[in-house]
Each structure stands twice: as C-alpha cells, then as structure tokens.
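Descriptive analysis of the structure
Take a look at the letters that make up each chain.
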Amino acid sequence: MSCNRHKIHFLRELIPSFECEPGCHDCCGPVTTSAEEMAQLPRKSQAEQDAALERLDCVHLGPQGCTVYEDRPMICRLFGTTPRMACPRGRGPQQPIDPQAEQLVHQFIASTRQVLV
C-alpha cells in the first residue's frame, strides 16, 4: 500500500460520518480528488464525464444519489461535517470534525495531484 493510501485511510477515519438524506445530491457536483482515490472509483466513459460536467454533476451521481458512497473521496466526506462546508439541508454528525483533523485533510488535498471526478 502506498504512503498516500495509508494517509487516505488514516484521514478518512478522522472524518465523522452521518447519514445523508436519501436521494439528496445537493452537495454533489464536479469535485477534484487525489489520483489514488480516483483509482479506487469505477471508470466512466468520456461521454459520461462530459455529460456530467455539462450538468455540473458528479459522474458518479445516480438517480438514488451517490453510486460510490462507500468509496467517495475525502472532499465529499467533508461535506456536512464542518461549518465551512455545511449541508444545505442541515444534516451532519453529532460532533463536527475536529478542526485539526479538518486542517490535516485540507493539507493532504493541497499536497497531492488532484484530478476531476
């Protein structure tokens, strides 16, 4: 396992989880993620990617919401866990992410090559 994969696993553990509203996709859109996280997601065709981008949606957004929810990138996991990325529907964990943990996640994102999902 690469160093970045270890970091990703560690950082994902720091992000509190909560249940999104079923079918909601208010915070889904084109996002960037590390190449390592992207490699874990199913490949989509160029036509699927272009269509999603034209709609300003994530290519992994399906009729019932995120089709890769368990493997979604860290940036997606942050939505709703911090006041800076609040859920538009008011959902979130009982305890928001620790500010130091959030800073570590953002530092990792800033230090890795990002690709468009």
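Everything discussed here concerns the structure shown above.
We now turn to the structure provided with this report. The shown structure was predicted, so the numbers you read here are calculated from the model rather than taken from an experiment. (Residues numbered from 1 in each chain as written. Predicted model: local features only at pLDDT ≥ 70, side-chain atom pairs only at ≥ 80, totals over all residues. Heavy atoms only, no water.)

Section: the overall build of the protein chain
The helix and strand inventory of the protein chain stands at 5 helices and 4 strands. What you see in the protein chain, going N to C, is helices and strands ordered as α-β-α-α-β-β-α-α-β. Here the C-alpha radius of gyration of the protein chain, 14 Å, is about what a compact globule of 117 residues would show, namely 13 Å. In terms of principal-axis extent, the alpha carbons of the protein chain reach across some 40 × 35 × 20 Å. The buried share among the 117 residues of the protein chain stands at 36%. When contacts within the protein chain are restricted to residue pairs at least 6 apart in sequence, those whose partners lie at least 24 apart make up 76%. Total accessible area computed for the protein chain in this model is approximately 7,500 Å², and 52% of it derives from carbon and sulfur atoms. Here the protein chain contributes 12 positive and 14 negative side-chain charges, whose respective centroids are spaced 4 Å apart. (Helix = DSSP H or I, 4+ residues; strand = E, 2+ residues; numbered from the N terminus. Rg over C-alpha atoms; globule rule 2.2 N^0.38 Å. Buried < 20%, exposed > 50% of the residue type's maximum accessible area, 1.4 Å probe, protein only. Contact = heavy atoms within 4.5 Å. Areas by Shrake-Rupley, 256 points an atom, 1.4 Å probe, with all protein chains shown as cover. Lys, Arg positive; Asp, Glu negative; His and termini not counted. Charge placed at Lys NZ, Arg CZ, Asp CG, Glu CD.)

What about unusual backbone geometry?
A positive phi angle is found at Leu 56, which is not glycine, with a value near 60°. When you line up the elements, Leu 56 lands in the loop between α3 (46-54) and β2 (61-62). Among the residues examined, Leu 56 registers a relative accessible area of 59% and is labelled exposed.

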